[in-house]
Amino acid sequence: MIDVVLPCLNEAEALPWVLTRMPEGFRALVVDNASTDGSARVAADHGAVVVAAAARGFGAACHAGLSAAGSEVVCVMDADASLDPAELPALVAALAGLEAGGGMGLVLGRRRPAGRGAWPPHARLGNAVLARSVNRRAGTRLHDLGPMRAARRAGLLALDVRDRRFGYPLEMVLRAARAGWRIAELDVAYRPRTGTSKVTGTVGGTVRAVRDMRRVLAEAGP
């Protein structure tokens with residue numbers, strides 16, 4: 001069984017589709033980040049394990065989910081129906097190939113827009129700028145700091161990622177690269193999300209995310 005960490009803040013509308021698409025052999029851990037729309041109840045009704053993350057923040061939810069997971073390999077993905085859980089087995093297979101020669105690996109889903117409005121221009125531009133910054137600092141060749149990921153749980157926890165906001169995904173990549181991990185991308189479809197967007201669908205949300213990530217880059221040094 002592979003645990004799938006799904007950080008969740010008010011995703012009651014999206015969760016039924018996401019959870020019914022979870023592949024066999026994958027267990028959903030919905031990390032409720034103080035939702036007010038009944039997300040935790042919806043998740044439980046659809047068979048997910050619900051993990052409470054009282055501290056607000058995307059990184060706080062991810063960390064709570066990783067801490068609660070029990071599988072050797074874990075996946076992380078958004079709970080807003082923008083990503084299809086049916087693609088997770090391909091990421092896990094790619095991880096196995098990446099680690100076949102020894103060492104640790106991290107596989108990121110490279111988002112490919114699949115529908116009008118799936119990835120607004122302002123969000124795509126901000127992501128591209130940040131990816132280039134990571135590449136310069138870490139020697140990677142990434143195109144996307146994608147939210148669908150697969151790696152070994154123990155390794156992720158050992159990275160000791162500190163950010164508890166939107167900088168968490170970027171810091172994970174930086175720390176993994178500097179620890180000598182192999183990092184690869186795999187194309188995944190990126191759909192228009194269900195419900196109200198908190199990040200990519202709004203300029204303000206994108207600005208907050210980029211600000212958090214730039215802070216992580218600054219703290220990481222050259």
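Structure: above.
Chemist: Break down the packing of aromatic side chains for me, with residues and values.
Modeler: Applying the stated criterion to the full structure yields 0 aromatic pairs. Directly above the aromatic system of Tyr190 lies the positively charged group of Arg111, at a separation of 5.0 Å from the ring centroid. The ring of Trp17 carries the charged tip of Arg191 above its face, separated from the ring centre by 4.1 Å.

Chemist: A description of the sheet that holds strand E2 (residues 26-32) should follow, citing residues and the corresponding values.
Modeler: Strand order in the open sheet made by the 7 strands is E3-E2-E1-E4-E6-E5-E7, with mixed pairing throughout. Either end of the sheet is taken by a strand with one partner, and the two such strands are strand E3 (49-52) and strand E7 (182-190). Neighbour-to-neighbour, the strand axes of this sheet turn through a mean angle of 25°, independent of strand direction. Bridge analysis of strand E5 (residues 105-113) against E7 gives 9 bridges, and the strand direction is parallel. Bridge pairing links Arg111 to Val188 in E7. Contacts from helix H3 (residues 58-68) reach strand E1 (2-8), E2, E3 and strand E4 (73-76), with the element oriented near 155° to E1. Across the sheet, helix H7 (residues 168-178) lies against E5, strand E6 (149-152) and E7, angled at about 135° from E5, the strand it touches most.

Chemist: Explain empty space enclosed by the protein to me, and be specific about the residues and the numbers.
Modeler: A full pass over the atoms with the stated rule returns 1 cavity of 30 Å³ or more. Contributing to the lining of the largest cavity are Phe58, Cys62, Val76, Gly146, Pro147, Arg149, Tyr168, Pro169 and Met172. Top element by residues in the lining of the largest cavity is H7. It accounts for 3 residues. Here the residues of the lining of the largest cavity sort into 7 nonpolar, 1 polar and 1 charged.

Chemist: Quick rundown of the pairing of E3? Include the residues and the values.
Modeler: Strand direction decides the pairing type here: E2 and E3, joined by 4 bridges, are parallel. Each bridged residue has a counterpart across the sheet, and for Leu29 the counterpart in E3 is Val49. Once you follow E2 into helix H2 (residues 39-45) and on to E3, the crossover reads as right-handed.

Conventions and cut-offs
Residues numbered from 1 in each chain as written. Predicted model: local features only at pLDDT ≥ 70, side-chain atom pairs only at ≥ 80, totals over all residues. Heavy atoms only, no water. Phe/Tyr/Trp six-rings, centres within 6.5 Å; stacked < 30°, edge-to-face > 60°. Lys NZ or Arg CZ within 6 Å of the ring centre and 35° of its normal. Pairing = 2+ DSSP bridges. Helix = DSSP H or I, 4+ residues; strand = E, 2+ residues; numbered from the N terminus. Axes fitted to C-alpha atoms, helices over the stretch in contact; angles between N-to-C directions. Contact = heavy atoms within 4.5 Å. 1 Å grid on protein atoms, 1.4 Å probe; cavity = no way out; pocket = protein on both sides within 12 Å on 5 of 7 lines; lining within 4 Å. Points joined across faces, edges and corners; volume = space filled by probe spheres on them. Nonpolar A, V, L, I, M, F, W, Y, C, P; charged D, E, K, R; others polar. Right-handed = clockwise from strand over helix to strand, strands pointing away.

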